[in-house]
Amino acid sequence: MSDTPFGFGLPPEEPDDGDEGKKKDQQSGGGQGPANPFGFGGLPGAGGFGGPGADNPFAAMFGSLNPSDLGAAFQQLGQMLSYEGGPVNWDMAKQIARQTVSQGTADGTKDASVGPAERTAVEEAVRLADLWLDDATSLPSGAGSAVAWSRAEWVEATLPAWKELVDPVAERVGTAMGDVLPEEMQAMAGPLIGMMRSMGGAMFGTQIGQAVGVLAGEVVGSTDIGLPLGPAGKAALLPVNIETFGKDLGVPKEEVRLYLALREAAHQRLFAHVPWLRSHLFGAVDGYARGIKVDTAKLEDVVGQFDPQNPEQLQDALQQGMFQPEDTPEQKAALARLETALALVEGWVDAVVHAAAKPRLSSADALRETLRRRRASGGPAEQTFATLIGLELRPRRLRDASRLWASLTDARGVDGRDALWAHPDMLPTATDLDDPDGFVHREQIDFSELDKMLGEAAGGSTGKPDLKKDDDKGDDKGDGTE
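Because the structure is predicted, anything quoted here is derived from the model rather than measured.

**As for the overall build of the chain**
Turning to step 1, where the next piece is worked out: Within the chain one finds 20 helices and 4 strands.
Turning to step 2, where the next piece is worked out: The long-range fraction of contacts in the chain, counting pairs at least 24 apart against all pairs at least 6 apart in sequence, stands at 75%.
Turning to step 3, where the next piece is worked out: Summing over all exposed atoms, the chain offers an accessible surface of approximately 22500 Å²; the carbon and sulfur share of this is 51%.

**Let's talk about the packing of aromatic side chains**
The relation between two aromatic rings is expressed through the spacing of the ring centres and the mutual angle of the planes.
Turning to step 1, where the next piece is worked out: Going through the model one piece at a time under the given rule, you end up with 3 aromatic pairs.
Turning to step 2, where the next piece is worked out: Relative to Trp-421, the ring of Trp-348 lies with its centre 6.4 Å away and its plane at 85°, an arrangement referred to as edge-to-face. Separated by 73 residues along the polypeptide, Trp-348 in helix α14 (residues 329-357) and Trp-421 in the loop between α17 (398-418) and α18 (430-434) bring together distant segments of the chain.
Turning to step 3, where the next piece is worked out: Taken together through their ring pairs, the aromatic side chains of Trp-276, Trp-348, Trp-405 and Trp-421 make up a single cluster.

**Points about the pattern of salt bridges**
It is possible for side chains bearing opposite charge to pair when their charged atoms get close.
Turning to step 1, where the next piece is worked out: Tallying each qualifying case throughout the model produces 20 salt bridges.
Turning to step 2, where the next piece is worked out: In this structure, Arg-374 and Asp-224 form a salt bridge, with 3.5 Å as the shortest nitrogen-oxygen distance. With Arg-374 in helix α15 (residues 364-376) and Asp-224 in the loop between α8 (190-216) and β2 (234-237), this pair connects stretches of sequence that are 150 residues apart.
Turning to step 3, where the next piece is worked out: By relative accessible area, which is 23% here, Arg-374 ends up partly exposed.
Turning to step 4, where the next piece is worked out: What you see here is one network of salt bridges that share partners, running through Arg-397, Asp-400, Arg-403 and Asp-434.

**Topic: the nonpolar core**
Turning to step 1, where the next piece is worked out: Trp-154, Trp-162, Leu-277, Trp-348, Trp-405 and Trp-421 are the most contacted members of the largest nonpolar core, which has 91 residues in total.
Turning to step 2, where the next piece is worked out: Among the elements that make up this core, the one with the highest residue count is α14 (13 residues).
Turning to step 3, where the next piece is worked out: Other than its neighbours up to four places away in sequence, Trp-421 contacts Leu-270, Val-274, Trp-276, Leu-277, Leu-344, Val-345, Trp-348, Trp-405 and Leu-427.

**Observations regarding the packing of α15 against α17**
Turning to step 1, where the next piece is worked out: Relative to each other, α15 and α17 sit at 135°, their axes nearing to 11 Å. Looking at the two axes, α15 sits oblique to α17. Between α15, through Arg-368, Glu-369, Arg-372 and Arg-373, and α17, the contact on the second element is made entirely by Leu-398, Arg-399 and Ser-402.
Turning to step 2, where the next piece is worked out: Tallied by class, residues from the contact of α15 with α17 come to 1 nonpolar, 1 polar and 5 charged.

**Quick word on the side chain of Thr-137**
Turning to step 1, where the next piece is worked out: Inspection of the secondary structure puts Thr-137 in the loop between α5 (116-133) and β1 (145-148).
Turning to step 2, where the next piece is worked out: For Thr-137, a relative accessible area of 5% corresponds to the buried category.
Turning to step 3, where the next piece is worked out: Among the polar contacts listed, one links the side chain of Thr-137 to the backbone nitrogen of Leu-139, at a separation of 3.1 Å.
Turning to step 4, where the next piece is worked out: At 2.7 Å, the side chain of Thr-137 and the side chain of Asp-418 are in polar contact.
Turning to step 5, where the next piece is worked out: Leaving out residues up to four positions away in the same chain, Thr-137 has contacts with Arg-269, Trp-348, Val-352, Val-414, Arg-417 and Asp-418.

**Let's talk about the environment of Leu-338**
Turning to step 1, where the next piece is worked out: One can find Leu-338 in helix α14.
Turning to step 2, where the next piece is worked out: We classify Leu-338 as buried; its relative accessible area is 1%.
Turning to step 3, where the next piece is worked out: Put simply, Leu-338 and His-280 are 58 residues apart on the chain and 8.9 Å apart in space, counted from C-alpha to C-alpha.

**Details of the environment of Arg-172**
Turning to step 1, where the next piece is worked out: By secondary structure assignment, the location of Arg-172 is in helix α6 (residues 151-179).
Turning to step 2, where the next piece is worked out: Residue class for Arg-172 comes out partly exposed when judged on its relative accessible area of 30%.
Turning to step 3, where the next piece is worked out: In the structure, Arg-172 is positioned 85 residues away from Pro-87 in sequence and 8.5 Å away in space, judged by C-alpha atoms.

**Remarks on the confidence of the model for the chain**
Turning to step 1, where the next piece is worked out: This prediction gives the chain a mean pLDDT of 74; 57% of its residues lie at or above 70.
Turning to step 2, where the next piece is worked out: Per-residue pLDDT stays below 50 along residues 1-64; that stretch engages in 138 contacts with residues further than four places along the chain or on separate chains.

**Details of α17**
Turning to step 1, where the next piece is worked out: With 21 residues, α17 extends only 17 Å from end C-alpha to end C-alpha; this falls clearly short of the ideal 30 Å at 1.5 Å per step.
Turning to step 2, where the next piece is worked out: By the largest-angle criterion, Arg-412 marks the main kink of α17, which is about 120°.
Turning to step 3, where the next piece is worked out: Those residues of α17 that fall on the buried side of the exposure criterion are Leu-398, Ala-401, Ser-402, Leu-404, Trp-405, Leu-408, Gly-416, Arg-417 and Asp-418.
Turning to step 4, where the next piece is worked out: Tucked into the core, α17 has its buried residues touching α14, α15, α18 and α19 (436-440).

**Regarding the environment of Pro-424**
Turning to step 1, where the next piece is worked out: Along the polypeptide, Pro-424 turns up in the loop between α17 and α18.
Turning to step 2, where the next piece is worked out: When the C-alpha atoms of Pro-424 and Leu-277 are compared, they prove to be 8.1 Å apart, with 147 residues separating the residues in sequence.

So, how was this worked out
Residues numbered from 1 in each chain as written. Predicted model: local features only at pLDDT ≥ 70, side-chain atom pairs only at ≥ 80, totals over all residues. Heavy atoms only, no water. Helix = DSSP H or I, 4+ residues; strand = E, 2+ residues; numbered from the N terminus. Contact = heavy atoms within 4.5 Å. Areas by Shrake-Rupley, 256 points an atom, 1.4 Å probe, with all protein chains shown as cover. Phe/Tyr/Trp six-rings, centres within 6.5 Å; stacked < 30°, edge-to-face > 60°. Salt bridge = Lys/Arg side-chain N within 4 Å of Asp/Glu carboxyl O. Buried < 20%, exposed > 50% of the residue type's maximum accessible area, 1.4 Å probe, protein only. Core = buried A, V, L, I, M, F, W, Y, C linked by side-chain atoms within 4.5 Å. Axes fitted to C-alpha atoms, helices over the stretch in contact; angles between N-to-C directions. Parallel < 35°, antiparallel > 145°, perpendicular 65-115°, else oblique. Nonpolar A, V, L, I, M, F, W, Y, C, P; charged D, E, K, R; others polar. Polar contact = N/O pair within 3.5 Å; in protein donor to acceptor, adjacent residues only side chain to side chain. pLDDT = per-residue confidence, 0-100. Expected span 1.5 Å × (residues − 1). Bend = angle between axes of the 7 residues up to and from the residue.

Structure, rendered in structure tokens:
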């Protein structure tokens, strides 16, 4: 992951006057860095904020623009300030993400359209992976289709999920921006509040766009962070990133692709056939986000000294610790719930994929350990969420969860293990990860009687509604099932 996952913009264009131009730009604070809070430096026709003549407010904002570019720069600034959408300017986020992708990754790898051969290879890998997983889990295939995405296609496909994850926190920041002014001033400061919220939307749009663009250069599928970011039922792999991932592993490319296809297909099975799981995970993120408080004292200080010529003040506050988790039992419980849920998902996938791959791939152990370390040391989403909402989506107890699922397989079999996903209350808790043997040998909770009672209380005669007898509402004898 980049040391500056969001940055403050895209790398500036080469100055027209060569090395001399670079020296001038460095002296004046232009180019990449805090003086370029909104990332206009990489936009067509923009020379970056804080360019030559910083004592001139227009020069400080627009740098050394050519006269022909001035209109485009004002138009871009106008779009930012006139934004009236939600808490995040997602149009800006998408634009910056696509621009970040187009520039390539730090190792010089560029994005490229997926060719027919790569598309076929991904489809065949997912198809074979699903066959192998049939022996390792009772959950049927969840991948209705397999697709090979470029990085740009990954950006397009995952933005709806990012919107769902980020908007709740961004909304809190937008509200806080208006609340920091005294109540008697808020009625008179309507235009200023509106401008600040527009700028807040632009700042979040810039950050998430930069983050998603960087992530697109690292992820190998649609489920890398343990959350379903892509469309339901669509197993996706990124050939260009798989190539980079496997480059120095000493493992045949086909085996790397197949192992990653196993992980993607296993995630798809889990999310497709555990209908409550997606809302459970996203709800855990939202529950944690609701407990995030904005440092209003810092925000008040920024607003009180707000200088329209230095909009980076707001950006700096957003970037440097404005979010603080509330130190309450509810917040700690929300964090534990989220971390445990992520660990259980990733642990189940790890255990199932290993069971499917171990007898068939000589590199299974090495690939498993590589991916475990990648997640434990800070996977693609780490700095993204840590900066955006003060949350690290790290399955800290991945190894514990994987051992627990493997022990459950030995004790109860594949069907008994996977049956735990039938209800959220049946899943292991954080305490169970401390004592896996105790959970494995504990008597399994039977929800059948409870379901039957709930069905009868709802007006049905059995625990399982008979969909073939919609009109037979007077039968109170049940269907004979236990």
